[in-house]
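# Observations on the model geometry
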Amino acid sequence: MANMLDRRAAVKSLLSNRGDMLVLTGLGGTCWDAAAAGDDPLTFYLWGAMGGAAMVGLGLALAQPERRVVVITGDGEFLMGLGALATISAEKPKNLGIVIIDNEHYGETGMQPTHTGRGIDLAKLAAAAGFPATAVATDEASLAKAITVAREAPGPTLSVIKVSVDKHPLVLPPRDGAYLKDRFRGALLGAQSVL
Amino acid sequence: MDATVDTPTENWPDAIYRVLKDADVRQACYVPDAGHTRLINRLIADPDVETNVLTTEEEGIPIAAGAWLGGQRTVLLMQSSGVGNTINMLSLMATCRFPFLTIVTMRGEWAEFNPWQVPMGAATERSLEMMGVRCMRVENPADVEETVSAAAALAYEADQQIAVILSQRMLGRKKWVEK
C-alpha cells in the first residue's frame, strides 16, 4: 500500500477546531505531531510508557463520559498493548476514539518495519474485537472520514491513518510529567484539583 | 481439579471494600486471584464502581493515570505474579507523580506447592520498590482495614505509589480439591 499521507498534516487536521476534546498521545512521533499542531493544556503527552496510550484513554473516557477523548498514537506503540482492544471493547466507552498514525515502522529507533507493514490490519482487529466503528485512511477523502469517526462516531472507534515515513523537525512539548498532569487536571477540573 | 481458598477471616475483603468506598474509588481494575474473589465480586455488584477486567496487569497502570487525569480514583487488584507484568509501566506513575494504589495477594511464599509461583513471589516486593512503589505488608487480618486506609491516604492525598501486600499465610493455604 502506498502511504502518501503526511503525518503532520493529518494530525493538524485531526486537532483543528478541537473544541472541548481531551487528547492523549503515545510516545515518539505522535507526541511531536500533536505538539506541532499546537500545544494545549488538554493534551497529555506520553514521553514513555510504551503500550499504555490507549489504556490512559480508557481510564479518562470512563472518568469523563461527557467529553470526547481522542488517543493519537503510533503503530509500534499500539502493537505493544494489543490486549487494549479486548479491555476497551469489554467496557464499550462511547466517547473514546483511537487514532493510529501508521507509518509501518518504528520511527524513533531507526525505521525498522513493524507488523502493520507485514499484513497485520489493526482496523480489522478492532472490528473483530467489537469496536462499532473503524476506518482506514490512505488519501485525503478517506482521511476526512477517519477523522470524523475518531471525533464523532459512537465509540469505541479506531481510525488507522496510513502515513509516509518522511521525517519532520522535532517539535517538543513540555516533558515534565507531573507538570503535564497538573496542567491537564487544572484545565479540566479547575484550579482546586491541583492544590 | 478445582482451586479453593481457605479464608481464615471472612471479614477482611469486606473491610477493604469499605475503605475503598470511603476513599471514593470509582474504578477498579483486576486480573483475578482467588484471594481477591470476594472483593472483586463486591466491586462488580456496586453500580458506582466501574470494574475493568484486564488482559494483563500492565493495563491497570495507565488506566489509573487516565482516570486520575479525569478526576477519578482507581485501585488495581492483582496477584504477585502479575506484578512482574507491570514493571516498566510503573515509570508513568513515578515520573508524573500519579497516585497509585494496588492490593496484591501473595503466591509463592507460604506453603506454596507450585514451584512456578516462587520466583516472582520472591521478587514481588523488591520489584515494586525498585520502581518507586512503597510496599505495606499485612500478615494479620485484623490489620487489613487500617493498613489499606493508610495506604489510600498516602496514595490519593500524598500522590504516592503504594502496594498493600496481603501475605499468603494470611490468605490461607491453597487447597486443590478433586471435582
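Residues numbered from 1 in each chain as written. Chains lettered and ligands numbered in written order. Predicted model: local features only at pLDDT ≥ 70, side-chain atom pairs only at ≥ 80, totals over all residues. Heavy atoms only, no water.

### Quick word on the interface of chain B and chain A
Taken together, the 25 residues of chain B in the interface contact 27 residues of chain A. Counting the surface lost from both chain B and chain A, the interface buries some 2,000 Å², and carbon and sulfur atoms represent 63% of this. It is Leu69(B), Gly70(B) and Cys96(B) that lose the most area in chain B upon contact with chain A, and together they represent 26% of the buried surface on that side. Across the contact surface, chain B and chain A share 0 salt bridges. Our count for the chain B to chain A interface comes out at 8 residue pairs in polar contact (both at pLDDT 80 or more). Looking at the side of chain B that touches chain A, the elements that each hand over two or more residues are β3 (50–53), α3 (60–69) and α5 (90–96) of chain B. Per-element accounting of the side of chain B that touches chain A gives the leading share, 6 residues, to α3(B). (Contact = heavy atoms within 4.5 Å. Buried area = accessible area lost by both parts, 1.4 Å probe. Salt bridge = Lys/Arg side-chain N within 4 Å of Asp/Glu carboxyl O. Polar contact = N/O pair within 3.5 Å; in protein donor to acceptor, adjacent residues only side chain to side chain. Helix = DSSP H or I, 4+ residues; strand = E, 2+ residues; numbered from the N terminus.)

### Considering the confidence of the model for chain B
Predicted coordinates in areas of low pLDDT are best not read in detail. Mean pLDDT for chain B: 93, with 91% of residues reaching 70 or above. Confidence metrics for the complex model read pTM 0.95 and ipTM 0.96. (pLDDT = per-residue confidence, 0-100.)

### Description of the pattern of salt bridges
Scanning all chains against the criterion turns up 16 salt bridges over all chains. Between Arg67(A) and Asp20(A) there is a salt bridge, with its nearest N and O atoms 3.4 Å apart. With a gap of 47 residues between them, Arg67(A) in the loop between α3 (53–63) and β3 (69–74) and Asp20(A) in the loop between α1 (7–15) and β1 (22–25) connect regions that are remote in the sequence. Note that Asp46(B) and Lys21(B) form a salt bridge whose closest N and O atoms lie 2.6 Å from each other. Residue Asp46(B) is found in the loop between α2 (37–45) and β3, and its partner Lys21(B) is found in helix α1 (residues 12–22); the two are separated by 25 residues along the sequence. Taking relative accessible area as the criterion, Asp46(B) reaches 7% and is therefore assigned buried. Here the salt bridges share partners, and the residues they tie into one network are Glu109(B), Glu125(B), Arg137(B) and Glu139(B). (Buried < 20%, exposed > 50% of the residue type's maximum accessible area, 1.4 Å probe, protein only.)

### Digging into the packing of α1(A) against helix α2 (residues 29–37) of chain A
Residue and element names in this part refer to chain A. Running from N to C, α1 and α2 point in directions that differ by 60°, and their axes come no closer than 9 Å. The angle between α1 and α2 falls in the class oblique. Crossing geometry of α1 relative to α2 is assigned as right-handed. Contacts between α1 and α2 involve Arg7, Arg8, Val11, Lys12 and Leu15 from the first element and Gly29, Thr30, Trp32, Asp33, Ala34, Ala36 and Ala37 from the second. Considering only residue class, the contact of α1 with α2 consists of 6 nonpolar, 2 polar and 4 charged. (Axes fitted to C-alpha atoms, helices over the stretch in contact; angles between N-to-C directions. Parallel < 35°, antiparallel > 145°, perpendicular 65-115°, else oblique. Left-handed = near helix turned anticlockwise from the far one by under 90°. Nonpolar A, V, L, I, M, F, W, Y, C, P; charged D, E, K, R; others polar.)

### Examining the nonpolar core
One finds Ile98(A), Leu158(A) and Ile161(A) to be the most contacted residues of the largest nonpolar core, which totals 86 residues. If we ignore the near neighbours within four places in the chain, the residues touching Ile161(A) are Leu5(A), Ala10(A), Val99(A), Ile100(A), Ile101(A), Asp102(A), Ala137(A), Leu143(A) and Ala146(A). Formed by 30 residues, the second largest nonpolar core is a distinct cluster that contains Val19(B), Ala23(B), Val25(B) and Ile40(B). (Core = buried A, V, L, I, M, F, W, Y, C linked by side-chain atoms within 4.5 Å.)

### Thoughts on empty space enclosed by the protein
All names here are of chain B. The full count for this structure, using the stated rule, is 2 cavities of 30 Å³ or more. If you trace the second largest cavity, you find it lined by Ala64, Trp68, Gln72, Arg73, Thr74, Pro99, Phe100 and Tyr156. Elements that contribute at least two residues to the lining of the second largest cavity include exactly α3 and β4 (73–79). In terms of residue class, the lining of the second largest cavity is built from 5 nonpolar, 2 polar and 1 charged. (1 Å grid on protein atoms, 1.4 Å probe; cavity = no way out; pocket = protein on both sides within 12 Å on 5 of 7 lines; lining within 4 Å. Points joined across faces, edges and corners; volume = space filled by probe spheres on them.)

### A short note on the layout of surface pockets
Residues and elements named next belong to chain A. Its volume calculated, the largest pocket comes out at about 450 Å³. Considering the residues around the largest pocket, the lining is formed by 27 residues, among which Arg7, Gly28, Gly29, Gly107 and Glu108 are closest to the centre. Of all the secondary-structure elements, those providing two or more residues to the lining of the largest pocket are α1, α2, α4 (75–79) and β5 (105–106). Of all the elements, α2 adds the most residues to the lining of the largest pocket, at 4 residues. For the lining of the largest pocket, the class distribution of residues is 8 nonpolar, 11 polar and 8 charged.

### Observations concerning the sheet that holds β3(B)
Residues and elements named next belong to chain B. Taken in spatial order, the 6 strands line up as β3-β2-β4-β5-β7-β6 in an open sheet, and their pairing is parallel. Looking along the sheet, the strands with just one partner apiece sit at the ends: β3 and β6 (134–138). Averaged over all adjacent pairs, the angle separating strand axes in this sheet is 20°, with direction ignored. Relative to β3, strand β2 (residues 25–30) is paired through 4 bridges, and the arrangement is parallel. Paired with cysteine 29 across the strands is asparagine 52, a residue of β3. Packed onto the sheet, α3 meets β2, β3, β4 and β5 (100–105) and runs at close to 170° relative to β4. (Pairing = 2+ DSSP bridges.)

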